[in-house]
Amino acid sequence: MYVIMGGTGHVGSAVAQALLGRGEQVTIVTRDANRAGAWRAKGAAIAEANVEDVASLRAALQHGSRAFLLNPSADTAADTDAIERRTVANILSALEGSGLQKVVAESTGGAQPGERIGDLSVLWELEEGLRRQSIPAAINRAAYYMSNWDGLLGAVRSTGRLPTMYDPDLAIPMAAPHDLGEMAARRLVSSLDDIGIRYVEGPRRYSSADVAKAFSKALGRPVELDVTPRSKWQEAYRSLGFSEAAAESYARMTAVSVDASFDMPDDALRGSTTLEAYIRGLVAHS
């Protein structure tokens, strides 16, 4: 049995679907079992747990022998770094006494120590915690999610303009959630020797100009970029309803990532889903 955290989200659901497609048994961990009815129809079991409740999460992890770990995103109206650091600590505590044989954790390509840099430092702390515990742990450092563009479809469709904080020509590693899920599933079923960090990205790197072109082709209309200058990044996050603390963390995370050109090694695992195919599917199913 494989236990999947985040099974109702983009990547977690892709992990679960990949495992079910292989004929494996899957348990979806969710705060609300009513949200997971579709998984029951697909043959998955459901375990209710709250990442803020270590005992409930440990009990959910005890449903299987291997688990996919994903730290949930905090409400951006709150202090995201503080909340997500707490939930990382809870996940690590829940592993104690879980009886798991192996875990696969979703991290991020730029994971590193630091303060107020969002997922970069939060997920680095998850990685470090996994290294210190005894359960064999595989860590996938994921590229920028193609699904991060999903929320802009409505604006692009109505205005013909795509907001971005990235230079139009900056090519960054992106990956579709489907591919990230498939790579995690492969490591979940692989041997106990398949541990440590691997990087995952898509078939090639894409710029925000490429994203605009993909939207333009899928929508059948011109799409232009609206580039937010660095000096306005924190203000832009606040305008989206982010708390002051979250806006600072996200702006600093964006700056660190851009300054490093979203650096990832050449030997990254590569998915097959192109940006064009992803955007085409997003538009077709919206």
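Data block above holds the structure.
Residues numbered from 1 in each chain as written. Predicted model: local features only at pLDDT ≥ 70, side-chain atom pairs only at ≥ 80, totals over all residues. Heavy atoms only, no water.

*Asks:* So, unusual backbone geometry: which residues are in play, and what are the values?
*Replies:* Excluding glycine, most residues fall at negative phi; most peptide bonds, likewise, are trans. The phi torsion at arginine 116 lies on the positive side, around 55°, for a residue other than glycine. As for its placement among the helices and strands, arginine 116 is situated in the loop between strand S5 (102-108) and helix H5 (119-132). Owing to a relative accessible area of 22%, arginine 116 belongs among the partly exposed residues under this scheme. A positive phi angle is found at serine 261, which is not glycine, with a value near 55°. Mapped onto the secondary structure, serine 261 falls in the loop between helix H10 (244-259) and strand S13 (269-270). (Helix = DSSP H or I, 4+ residues; strand = E, 2+ residues; numbered from the N terminus. Buried < 20%, exposed > 50% of the residue type's maximum accessible area, 1.4 Å probe, protein only.)

*Asks:* So, the pattern of salt bridges: which residues are in play, and what are the values?
*Replies:* Summed over all chains, the structure comprises 17 salt bridges. Glutamate 115 is the salt-bridge partner of arginine 85, the closest N and O atoms lying 3.4 Å from each other. Placement of arginine 85 in helix H4 (residues 80-95) and of glutamate 115 in the loop between S5 and H5 is noted, with a sequence separation of 30 residues between them. In this structure glutamate 115 comes out as exposed when scored by relative accessible area, which is 54%. A salt bridge links aspartate 226 to arginine 161; the nearest nitrogen and oxygen atoms lie 2.8 Å apart. (Salt bridge = Lys/Arg side-chain N within 4 Å of Asp/Glu carboxyl O.)

*Asks:* Before we move on, can you summarise the sheet that holds strand S7 (residues 144-145) with the specific residues and values?
*Replies:* Across the sheet, which stays open at both edges, the three strands sit in the order S7-S9-S11 with mixed pairing between neighbours. Strand pairing shows two members of the sheet lacking a second neighbour, S7 and strand S11 (205-206), which therefore form its edges. Bridge count for strand S9 (residues 172-175) against S11 is two bridges, and the pairing is antiparallel. Bridging across to S11, isoleucine 172 finds its partner in tyrosine 206. (Pairing = 2+ DSSP bridges.)

*Asks:* Hey, could you go over the nonpolar core for me, with residue numbers and the actual values?
*Replies:* One finds Trp149, Leu162, Met174, Phe215, Leu275 and Ile279 to be the most contacted residues of the largest nonpolar core, which totals 35 residues. Among the secondary structure elements, those contributing two or more residues to this core are helix H6 (153-159), S9, helix H8 (208-219), helix H9 (233-239), H10 and helix H11 (275-284). Discounting chain neighbours no more than four positions away, the residues touching leucine 162 are Trp149, Leu152, Val156, Ser208, Val211, Ala212, Phe215, Val223, Glu224, Leu225 and Asp226. Of all hydrophobic cores here, the second largest spans 31 residues; its members include Val15, Leu19, Ala138 and Leu188. (Core = buried A, V, L, I, M, F, W, Y, C linked by side-chain atoms within 4.5 Å. Contact = heavy atoms within 4.5 Å.)

*Asks:* Tell me about the packing of aromatic side chains, residues and numbers included.
*Replies:* For the structure on display, the rule yields seven aromatic pairs. Between the aromatic rings of tyrosine 237 and phenylalanine 242, the centroid separation amounts to 5.1 Å while the plane-to-plane angle is 45°, which identifies the pairing as tilted. Members of the aromatic cluster, each reached through a chain of ring pairs, are Tyr144, Trp149, Tyr166 and Phe262. Stacked on the ring of tryptophan 39, the Lys or Arg lysine 42 has its end atom at 4.7 Å from the ring centre. (Phe/Tyr/Trp six-rings, centres within 6.5 Å; stacked < 30°, edge-to-face > 60°. Lys NZ or Arg CZ within 6 Å of the ring centre and 35° of its normal.)

*Asks:* Describe the pairing of strand S4 (residues 66-69), with residues and values.
*Replies:* Residue alternation in S4 divides its side chains into two sets, Arg66 and Phe68 and Ala67 and Leu69, and both sets are buried. The pairing of strand S1 (residues 2-5) with S4 spans three bridges and is classified as parallel. The residue of S4 that forms the bridge with valine 3 is alanine 67. Across four bridges, S4 lies against S5 in parallel orientation. Across the sheet, phenylalanine 68 pairs through a bridge with valine 104, a residue of S5. Taken together, S4, H4 and S5 constitute a β-α-β crossover, and its handedness is right-handed. (Right-handed = clockwise from strand over helix to strand, strands pointing away.)

*Asks:* Account for the pairing of S5, with residues named and values stated.
*Replies:* Taking burial as the measure, the seven residues of S5 include seven buried ones, the bulk of the element. Of the two faces of S5, both are covered, the one formed by Lys102, Val104, Glu106 and Thr108 as well as the one formed by Val103, Ala105 and Ser107. Of the strand pairs in this sheet, S5 and strand S6 (residues 137-142) are connected by six bridges, and their pairing is parallel. Bridge pairing in S6 places glutamate 106 opposite asparagine 140. Handedness of the crossover joining S5 and S6 through H5: right-handed.

*Asks:* Which residues make up the sheet that holds S1, and what are the values?
*Replies:* Across the sheet, eight strands lie side by side as S3-S2-S1-S4-S5-S6-S10-S13; this open sheet has parallel pairing. For this open sheet the edge positions go to strand S3 (45-48) and S13, each flanked by a neighbour on one side alone. This element, helix H7 (residues 177-189), spans S1, S4, S5, S6, strand S10 (196-201) and S13 of the sheet and lies at about 165° to S6. (Axes fitted to C-alpha atoms, helices over the stretch in contact; angles between N-to-C directions.)

*Asks:* Provide a residue-level description of the packing of H4 against H5, including the pertinent values.
*Replies:* One way to put it is that H4 packs onto H5 with a least axis distance of 10 Å and a crossing angle of 15°. When the axis of H4 is compared with that of H5, the two are roughly parallel. Relative to H5, H4 is oriented so that their crossing is right-handed. Between H4 and H5, the residues in contact are Asp81, Glu84, Arg85, Val88, Leu92 and Leu95 and Asp119, Ser121, Val122, Glu125, Leu126, Gly129 and Leu130, respectively. (Parallel < 35°, antiparallel > 145°, perpendicular 65-115°, else oblique. Left-handed = near helix turned anticlockwise from the far one by under 90°.)

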